[in-house]
Amino acid sequence: MTPSVPDYLNPIQWHQALAVSRQSCARVFVDGGSPTDALAAFGLSVVDDVTWEKAVDVIAGELCAHPLPRAA
């Protein structure tokens with residue numbers, strides 16, 4: 001199943017953000033954490049009944065919302 005790319009984002013940026021988000025969530029999972037722990041690690045508001053799939057999407061959206069500063 002391929003996640004749909006939000007219309008307002010560059011598809012390449014979205015897929016890269018998903019990869020980073022999945023990797024981060026995997027690290028939290030391996031350490032025994034929950035999806036709410038993964039969201040909290042990114043400073044996001046914690047929802048009581050969040051799934052790993054939703055956590056990955058929310059974190060990816062957060063990564064896309066704040067562009068990285070460009071180096072000179």
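No experiment lies behind these values; they were computed from the predicted model shown.

Q: What am I meant to see in the nonpolar core here?
A: Generally speaking, soluble globular proteins have nonpolar side chains that are buried together. In this structure, Trp-14, Leu-39 and Ile-59 are the most contacted members of the largest nonpolar core, which totals 15 residues. When contributions to this core are tallied by element, the ones reaching two or more residues are α1 (11-30), α2 (35-41) and α3 (52-65). For Leu-39, the residues in contact, after removing those within four places along its chain, are Leu-44, Ser-45, Val-50, Ala-55, Val-58 and Ile-59.

Q: Where do I start with the packing of aromatic side chains in this structure?
A: One pair of aromatic rings is described through two measures. These are the centre distance and the angle between the planes. Evaluation of the coordinates by the stated rule reveals one aromatic pair. Residues Phe-29 and Trp-52 carry aromatic rings whose centres are separated by 5.8 Å and whose planes lie at 85 degrees to one another, so their mutual orientation is edge-to-face. Separated by 23 residues along the polypeptide, Phe-29 in helix α1 and Trp-52 in helix α3 bring together distant segments of the chain. Its relative accessible area of 26% is what places Trp-52 among the partly exposed residues.

Q: It is not clear to me how the side chain of Thr-36 should be interpreted in this structure. Could you clarify?
A: One can find Thr-36 in helix α2. A relative accessible area of 18% places Thr-36 in the buried class. Excluding residues that lie within four positions of it along the chain, Thr-36 makes contacts with Val-46, Val-47, Asp-48 and Val-50.

Q: Looking at this structure, I do not really get the environment of Glu-62. What am I missing?
A: Relative to the elements of secondary structure, Glu-62 occurs in helix α3. The exposure class of Glu-62 is partly exposed, given its relative accessible area of 26%. Distance in space between the C-alpha atoms of Glu-62 and Gly-43 is 9.8 Å, their sequence separation being 19 residues.

Parameters at a glance
Residues numbered from 1 in each chain as written. Predicted model: local features only at pLDDT ≥ 70, side-chain atom pairs only at ≥ 80, totals over all residues. Heavy atoms only, no water. Core = buried A, V, L, I, M, F, W, Y, C linked by side-chain atoms within 4.5 Å. Buried < 20%, exposed > 50% of the residue type's maximum accessible area, 1.4 Å probe, protein only. Helix = DSSP H or I, 4+ residues; strand = E, 2+ residues; numbered from the N terminus. Contact = heavy atoms within 4.5 Å. Phe/Tyr/Trp six-rings, centres within 6.5 Å; stacked < 30°, edge-to-face > 60°.

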